[in-house]
Amino acid sequence: MPSYTVTIATGNQWFAGTDDYVYITLVGTEGCSERTLLDKPLYNDFERGAVDSYEVRVGENLGDIVLVKIEKKKYWMQDDWYCKYVTVKTPIGEHVEFPCFRWLVDDKEVVLRDGRAFLPQDDKTSLVKQHRQKELDQRRKTYRWKEWQPGFPMSIDASRHKDLPRDIQFDSEKGVDFILNYSKAIENLCVNRFMNMFQSSWNDFADFEKIFVRIKNTISEYVMEHWKEDFMFGYQFLNGCNPVLISKCTKLPDKFPVTHEMVSVSLERELTLEDEMKAGNVYIVDYEMLEGISPNCTDPSTLQYLAAPICLLYKNARNKVLPIAIQLGQNPDENPIFLPTDGQYDWLLAKIWVRSADFQHHQTVTHLLRTHLMTEVFGIAMFRQLPAVHPVFKLLIPHIRFTIAINTKAREQLICECGIFDKANATGGGGHVQLVQKAMKTLTFRSLCFPDMIKSRGVDSKDDLPTYFYRDDGYRVWETTKNFVSDVVNIYYTSDERVEGDEEIQAFVKDVCSFGMQDFDHCEFPKSVKSRDELIEYLSVVIFTASAQHAAVNFGQYDWCSWIPNAPSTMRKPPPQEKGVADVTMIIESLPDRGRSSWHLGAVWALSQYQENELYLGMYPDEYFIEKPVKAAMEKFTKQLAEISSSIKRRNEGKKLPYYNMSPDKIPNSVAV
């Protein structure tokens, strides 16, 4: 009587093991086995991290094993089980791998295909076609679209983390509890005595040091020491938390009437302002998106304010980018143009207002919308339209890990009505919702393509901006990622016709546009892909957004935002509309109070922390792919990423302001914090 050896691996997560009954059925081209009980309760099989083997006897040879069905039946109480993979050894000694990487909950069953990836047009038998369609039908019932707020990208239909499908939940919900983590951060930073001191102003700038944690030789300490200086202000537009706004200025907008006479003292090349612009030495940052956004009014005891400033920057002869003019609103009739030649505190307060506006734009648009929410859209569409056997599902799944979970938790605790965001941010209380709705009108697919995004702002020349490390490192990570995607795509798609003929990949792309982005006219997301090149670019956008772009705008938050005056989360006095009124007292009374400062500090600390057992770009411990050509492509990708990390490390040696947020060894695979 032929027998098959079945080996099953249980995950290493907490509570991954089970004491429930586990059954298996092998389905082959020549027949199927009987439903076989593999484990009886309390026999200590299927423990966390275990690899267990069993004999499955059959009456006749089953032919090629096509499917494996695993069932879990409850023994005593709910006992979820995480199955990593199943390996079947046939009577002739062949090993067939069946990746799983799923939770079996309650009396659930899963049916697994072998680990080879197949496009839908390559499935020939009705058995595998039916399995493929059944999996997608079930997924579409499980992963449903929902509009959280009008005008937002669509999100998952789940109000709470515990309502999510078990496969996309965090291993431990406690580890991502925002309230717990922020409170813990506040306590660890020894600022808990200030956290409820709302309306209580600091005494002076030095007083902020009471909540500033000094860590020797870090960027945050350097920021604290130099935040008032123009070079530090300008540098952050290149390599700070929000390095995505600076644009080359070839013509001043009418709403920003800066004249040569105003800024001539700041120009170093004996050229007029117009000639400096023609030479490519003038840059602009415009926070027009903040115009009309409602400031936080959740605390009747504290008025809070927002501004929509415009800032003109100049690259001097030493290649430093310096501010030369600031207007704190979009209407020049109501807002004077502040200059470095103005009074010390007028100029400092104008810069602080720009930094506060930058913080609002960074948190809500650059970070929340353009990385978190967009990756969730890609992830939901992937689960709905691509079965586990599809090569693109296998390629993308590591880069969607925990994203839907962290976003659901954020909607539950952070950005919801009366959430943590309301405590310290000027856009809390609904302003952040308005800001996302407004930003959606300029969010296009091409703006997510890194090279296009850089070029559209006119900052693609290394000669013009030699210290724009975000751009330089981003280019390298983008190209390396795109080459890896190309290697994988070309294994399965041997022609453009194969791409056009893949109904599942076409449904995935269409789902993102028509449902995820709600088919907004302005989004310009493709509804189909017609060639390998188009597919490669599309998938590169997904992976880059989830990994490198998120890392670049997330993990530097403590570095750049922990010194409160450099990144005020709110302002408590309106922006000045005349010169000569600012002094230290006015600035201190404008900056966040002690309570809001403490919550802000806890937030940027918590958001800057990597996950325990973080998986960085190029790390693929879960073997969704079993084919050797793909594994070779992964090894090549990992090697190239390591080379980039090494070169960035060499460049940073001896720098007082090292830039490492785009270093692959600091880029997690997915948006998970």
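The residue numbering used here restarts from 1 in each chain and proceeds along that chain's sequence as written. A pLDDT threshold of at least 70 governs which residues receive local features in this predicted model, and a stricter bar of 80 or more applies before side-chain atom pairs are shown or counted, although totals over entire chains, interfaces and linings include all residues. To obtain the side-chain values, all non-hydrogen atoms of the structure were used and water was disregarded.

**Q** How would you explain the UniProt feature "binding site: Ca(2+) 1" (unreviewed entry) in the protein if you had to name every residue and give the values?
**A** UniProt positions are given in the numbering used here, feature names are shortened, and annotations may be inferred rather than shown by experiment. In the UniProt entry, the feature "binding site: Ca(2+) 1" (unreviewed entry) is given for G17, D79 and D80. A compact arrangement is adopted by the annotated residues: their sequence extent is 64 residues, whereas the largest C-alpha distance between any two is 8.0 Å. In this description, contact between two residues means that some pair of their heavy atoms is separated by no more than 4.5 Å. Setting aside chain neighbours within four positions, we find G17 in contact with T10, F46, E47, R48, D79, D80 and W81. Helix numbering and strand numbering both begin at the N terminus, where a helix is a DSSP run of H or I of at least 4 residues and a strand a DSSP run of E of at least 2. Structurally, D80 can be placed in the loop between β5 (65-73) and β6 (81-89). Residue burial is assigned from relative accessible area. The probe radius is 1.4 Å, only protein chains are included, and a residue is buried under 20% of its type maximum, exposed over 50%, and partly exposed in between. Given a relative accessible area of 14%, D80 falls into the buried group.

**Q** Lay out the packing of aromatic side chains with the relevant residues and their values.
**A** Stacked, tilted and edge-to-face pairs are distinguished by plane angle, under 30 degrees for stacked and over 60 for edge-to-face with tilted covering the rest, among Phe, Tyr and Trp rings (Trp via its six-membered ring) whose centres lie within 6.5 Å. Taken as a whole and assessed by the stated rule, the structure comprises 25 aromatic pairs. Summarising the aromatic geometry, the rings of F233 and F237 are spaced 5.4 Å apart at their centres and angled 80° between planes, so their arrangement reads as edge-to-face. With F233 and F237 both in helix α4 (residues 230-239), this residue pair falls four residues apart, about one helical turn. With respect to class, F233 is no different from F237; both count as buried. Through a chain of ring-to-ring contacts, three or more aromatic side chains come together here, namely F450, Y468, Y470, Y475, W478 and F544. Two conditions define a charge sitting above a ring: the NZ of Lys or the CZ of Arg must be within 6 Å of the ring centre, and it must be within 35 degrees of the ring normal. Directly above the aromatic system of W599 lies the positively charged group of K423, at a separation of 4.9 Å from the ring centroid.

**Q** Break down the pattern of salt bridges for me, with residues and values.
**A** Between Lys or Arg on one side and Asp or Glu on the other, a salt bridge is scored when a side-chain nitrogen of the former is within 4 Å of a carboxyl oxygen of the latter. In this structure the tally under the stated criterion is 36 salt bridges. A salt bridge links R113 to D123; the shortest N-O distance between them is 2.9 Å. Highlighted residues: R113 in strand β8 (residues 109-113) and D123 in the loop between β8 and α1 (126-142), separated in sequence by ten residues. You can call R113 buried: its relative accessible area is 9%. One salt bridge in this structure joins K255 and D286, with 2.8 Å as the shortest N-O distance. You can see K255 sitting in the loop between β11 (247-248) and α5 (260-263) and its partner D286 sitting in strand β12 (residues 282-286), a full 31 residues away along the chain. The exposure class assigned to D286 is partly exposed, which follows from its relative accessible area of 29%.

**Q** Which residues make up the pairing of strand β13 (residues 310-315), and what values go with them?
**A** Most of β13 is tucked away: six of the six residues are buried. Covered by surrounding structure in β13 are I310, L312 and Y314 together with C311, L313 and K315, the residues of both alternating faces. Here, any two strands with at least 2 DSSP bridges between them count as paired. Of the pairings in the sheet, the one linking β12 to β13 comprises five bridges and is antiparallel in character. Note that in β13 the partner of V282 across the bridge is Y314. As paired strands, β13 and strand β14 (residues 321-327) are joined by six bridges and run antiparallel to one another. Of the residues in β14, the one forming a bridge with C311 is I326.

**Q** Which residues make up the side chain of S597, and what values go with them?
**A** In this fold, S597 is placed in helix α19 (residues 594-607). Any pair of N or O atoms that falls within 3.5 Å is considered a polar contact. Within protein, one atom must be able to donate a hydrogen and the other to accept it, and sequence-neighbouring residues count only if both atoms are side-chain atoms. A polar contact of 2.8 Å, which involves the side chain of S597, links it to the backbone oxygen of D593.

**Q** Describe the sheet that holds β6, listing the residues and the values that go with them.
**A** With antiparallel pairing, the four strands of this open sheet are ordered in space as β4-β1-β6-β7. Lying at the two open borders of the sheet, with one neighbouring strand each, are β4 (51-57) and β7 (95-104). Across this sheet, the average inter-strand angle for adjacent strands is 20°, counted without regard to direction. Angles shown run from 0 to 180 degrees and are taken between the N-to-C directions of axes, each axis being a line fitted to C-alpha atoms and, for helices, limited to the stretch in contact.

**Q** Describe the packing of helix α7 (residues 344-385) against helix α9 (residues 403-414), naming the residues involved and giving the relevant values.
**A** Contact geometry for α7 and α9: axes closest at 9 Å, N-to-C directions at 125°. Here α7 lies oblique to α9, going by the angle between them. Here the hand of the crossing between α7 and α9 comes out left-handed. Note on element contacts: α9 touches α7 through T403, I404, I406, N407 and R411, opposite H372, L373, T375, E376, G379, I380 and F383. Should an angle lie under 35 degrees it is considered roughly parallel, over 145 roughly antiparallel, and from 65 to 115 roughly perpendicular; all remaining angles are considered oblique. In this scheme the crossing of two helices becomes right-handed for a clockwise turn of the near helix relative to the far one and left-handed for an anticlockwise turn of less than a right angle.

**Q** Provide a residue-level description of the domain arrangement of the protein, including the pertinent values.
**A** Where each domain begins and ends is defined by an automated method or by a domain database. Splitting the protein by domain gives domain 1 (3-115) and domain 2 (177-243 + 363-672). At the junction of the two partners, domain 1 supplies seven residues and domain 2 supplies eight residues. When two components associate, each loses some accessible surface as probed by a 1.4 Å sphere; the sum of these losses over both components is called the buried area. Here domain 1 meets domain 2 over a buried area of about 670 Å², counting both sides, of which 58% is carbon and sulfur. Our count for the contact surface shared by domain 1 and domain 2 stands at one residue pair in polar contact (both at pLDDT 80 or more). For the side of domain 1 that touches domain 2, the element with the highest residue contribution is β7, accounting for four residues. Ten residue types, Ala, Val, Leu, Ile, Met, Phe, Trp, Tyr, Cys and Pro, are classed as nonpolar, four, Asp, Glu, Lys and Arg, as charged, and the remainder, Gly among them, as polar. Here the residues of the side of domain 1 that touches domain 2 are counted per class, giving three nonpolar, one polar and three charged.

**Q** How would you explain the sheet that holds β12 if you had to name every residue and give the values?
**A** Here we have five strands laid out as an open sheet, ordered β11-β12-β13-β14-β15, and antiparallel in their pairing. Bordering the open sheet on either side are β11 and β15 (337-338), each of which pairs with just one other strand. Docked against the sheet, α4 engages β12, β13 and β14, running at close to 95° with respect to β14. Against the sheet, α7 engages β14 and β15, with an angle of about 95° to β14.

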